[in-house]
Amino acid sequence: MARMSLVRSLAVVAMLTPSVNVEAANTDPDWPCIQRKVPQLSLGQIWNGPELPPAAKDLSKDPAVSALVEEVAARRIPIAEAQKKIKDFAAALPTEQLAPKMAMLVQGMFDHMDAERSQVISGISRYAHKQLEIAAALRKEASDVDALQAKPDADPDEVERRTEQLKFGTRIFNERVQSLIYVCEVPTIIEQRLYQLSKAVSETLAAKK
C-alpha cells in the first residue's frame, strides 16, 4: 500500500507542473512556459539602426547575403564566431555596397529567425497539449490501479504489473516536463541571438563612418 501511495504521489507532483507554469505565464491559458509568450517579434526590438529600405526584403536577389543569413542564424555556431563572419563579410564589400547589403542582412536575419522562433513556439504548444493528454491518462490509470488494489480478490501479479506501468509512465512524463523546461528557453535564446547579430551589423556600420 505504501508503495502505491508513493507512485500516486509522484504522479500528482508531475501533473501539477504544467499548471504552475501556465499560471506563471499568465497571458495564454494554454501556454506552458514561465517565459511570457510573444508569438512574433518586431524589427524595432532588435534593430536600432537606420530604417531598412524596401529593397532589403528581397533576399533572393543576393545569394551571398542569403547564405550568410543561414550560416549566422544557426545556433550551433558560437555567437562570437557568427559576429566575426558578419564583420568579415562587411570588410570585403565595396564601400557603396556596404549599407544596402547590411540592410538586407538585417532584414534577412530578422525574417529567418523570427520564423524559426514562431515554429518553436507552435511546437511548444503542441507538446504542452500532449502533456495534458498524458497527464489525464496517468490520472485515470492511477485511479484504476487504486480500484483494482482495493478488490479483495485482486490478482497480485496484475496489481504489480499495473503499478510498474504507472511508475514507468510517470517517469516518462517527468522527463518530458524537464525537456519542456529547456525548450521553453529556446524562443528567448533565438531573440537574444538575433539582437546580438544585429548589434554586430550596427557596430560594423558605425566603424565605417
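Residues numbered from 1 in each chain as written. Predicted model: local features only at pLDDT ≥ 70, side-chain atom pairs only at ≥ 80, totals over all residues. Heavy atoms only, no water.

(A) Representation of the pattern of salt bridges within the structure. The final tally for this structure, using the stated rule, is 14 salt bridges. With a closest N to O distance of 2.6 Å, R75 and E116 form a salt bridge. In this pair, R75 is assigned in the loop between helix 3 (63–73) and helix 4 (79–91) and E116 in helix 5 (residues 95–150), connecting sequence segments 41 residues apart. What makes R75 partly exposed here is its relative accessible area of 40%. For R161, the salt bridge is made with E158, and the minimal N-O distance between the two is 2.8 Å. Here the residue R161 and the residue E158 both occupy positions in helix 6 (residues 156–183), the gap between them amounting to three residues, near one helical turn. Note on E158: relative accessible area 24%, which makes it partly exposed. It is possible to trace a salt-bridge network through shared partners that takes in E141, E158, R161 and R162. (Salt bridge = Lys/Arg side-chain N within 4 Å of Asp/Glu carboxyl O. Helix = DSSP H or I, 4+ residues; strand = E, 2+ residues; numbered from the N terminus. Buried < 20%, exposed > 50% of the residue type's maximum accessible area, 1.4 Å probe, protein only.)

(B) Highlighting the state of the cysteines. All chains considered together, the criterion is met by one disulfide. Across the disulfide, C33 is cross-linked to C184 (sulfur-sulfur distance 1.9 Å). Because the sign of the S-S torsion sets the handedness, a value of about -75 degrees for the bond joining C33 and C184 places this disulfide among the left-handed ones. Of this pair, C33 sits in the loop between helix 1 (2–25) and helix 2 (43–46) while C184 sits in the loop between helix 6 and helix 7 (186–208); the two residues are 151 residues apart in sequence, bridging distant segments of the chain. One exposure class covers both C33 and C184, and it is buried. (Disulfide = S-S within 2.5 Å.)

Limitation: the analysis is restricted to geometry and does not speak to function.
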